[in-house]
Amino acid sequence: TAAPATAKVDSAASKRRLSRSVAADLVAIGDILAMMLGGLLPALIYALAGNISIDQVLVMQSVLVAGFITHLCLRFRGMYDTTRMDMFAQDPFELFIGVICGMVGVLGIGRPLALRNRHIVVWYAAWLSASFSLILYCRILARKILARLAAQEGLCVGDVACVVGR
């Protein structure tokens, strides 16, 4: 009778680890999408309101690659730690560094706007601001949701009580 009880415990722990990995992956997808939307927003504004011709394919390539580079930087820095789901990481400095790394990474594949456009610095500043804000908002929302789910499941870490909305 001990073997079935152990199998149930192992199965429950395995499901818990899997659900934590899925939650961390969903946050990672949100980070990538935030980086992409942050880069597409200034391009869309310039194309519609500024009447500036942009290379749409190069813009999509740049924001997609920047999103993945940002994701890799954040993963390397431990921002998707599944052992602390009740206190999911949202350090603004680490997020800012990740966004900068993603943007610097795409400078080598080409600039989304041609050099003849004078607003290239403004475009990068708008991309930085929008992406950072969206990633931070995504992290704050994920932290609240994951803290609530961890509190419901009793998955708090250590002696610290789960507090929703920390």
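Provided above is the structure to which this section pertains.
The structure reproduced in this document is the subject of the present report. Keep in mind it's a predicted model, so treat the numbers as computed, not measured. (Residues numbered from 1 in each chain as written. Predicted model: local features only at pLDDT ≥ 70, side-chain atom pairs only at ≥ 80, totals over all residues. Heavy atoms only, no water.)

**Let's talk about the overall build of the protein chain**
Inference 1: Helix and strand counts for the protein chain stand at 4 helices and 0 strands.
Inference 2: For the protein chain, the succession of helices and strands along the chain, N to C, is α-α-α-α.
Inference 3: Of all 166 residues assigned to the protein chain, the portion counted as buried reaches 37%.
Inference 4: A separation of at least 24 residues holds for 76% of the contacts in the protein chain among residues at least 6 apart in sequence.
Inference 5: Counting only carbon and sulfur atoms, one obtains 67% of the accessible surface of the protein chain, whose full area is about 9,600 Å². (Helix = DSSP H or I, 4+ residues; strand = E, 2+ residues; numbered from the N terminus. Buried < 20%, exposed > 50% of the residue type's maximum accessible area, 1.4 Å probe, protein only. Contact = heavy atoms within 4.5 Å. Areas by Shrake-Rupley, 256 points an atom, 1.4 Å probe, with all protein chains shown as cover.)

**Focus on the packing of aromatic side chains**
Inference 1: Per the stated rule, a full pass over the model turns up 2 aromatic pairs.
Inference 2: A ring pair is formed by F96 and F132, whose centres lie 5.7 Å apart and whose planes are at 85 degrees; its orientation type is edge-to-face. Taken together, the positions of F96 in helix 3 (residues 92–107) and F132 in helix 4 (residues 120–153) put the pair 36 residues apart, joining distant regions of the chain.
Inference 3: On the accessibility criterion, F96 (33% relative accessible area) is partly exposed. (Phe/Tyr/Trp six-rings, centres within 6.5 Å; stacked < 30°, edge-to-face > 60°.)

**Things to note about helix 2 (residues 56–76)**
Turn by turn, an α-helix covers 3.6 residues, leaving residues three or four places apart pointing in a common direction.
Inference 1: Its 21 residues place the ends of helix 2 30 Å apart at the C-alpha level, agreeing with the 30 Å of an ideal helix rising 1.5 Å per residue.
Inference 2: The complete set of buried residues in helix 2 reads L58, V59, S62, V63, A66, G67, T70, H71 and L74.
Inference 3: Following helix 2 by one or two positions, G78 adopts a phi angle in the positive range, close to 80 degrees. (Expected span 1.5 Å × (residues − 1).)

**Here we look at the nonpolar core**
Inference 1: M103 and W127 are the most contacted members of the largest nonpolar core, which has 30 residues in total.
Inference 2: Broken down by secondary-structure element, the contributors of at least two residues to this core are helix 1 (2–48), helix 2, helix 3 and helix 4.
Inference 3: The element best represented in this core is helix 1, accounting for 10 residues.
Inference 4: Apart from the residues lying within four places of it in its own chain, the contact partners of W127 are M35, G38, G39, P42, S62, V63, A66, M103 and V106. (Core = buried A, V, L, I, M, F, W, Y, C linked by side-chain atoms within 4.5 Å.)

**Some points on the pattern of salt bridges**
Inference 1: In the structure shown here, the tally under the stated rule is 3 salt bridges.
Inference 2: Between R75 and D25 there is a salt bridge; the shortest N-O distance is 3.7 Å. Here D25 lies in helix 1 and R75 lies in helix 2, a separation of 50 residues in the sequence.
Inference 3: D31 is the partner of R139 in a salt bridge, and the nearest nitrogen-oxygen pair spans 2.8 Å. Here D31 lies in helix 1 and R139 lies in helix 4, a separation of 108 residues in the sequence. D31 carries the same exposure label as R139, and that label is buried. (Salt bridge = Lys/Arg side-chain N within 4 Å of Asp/Glu carboxyl O.)

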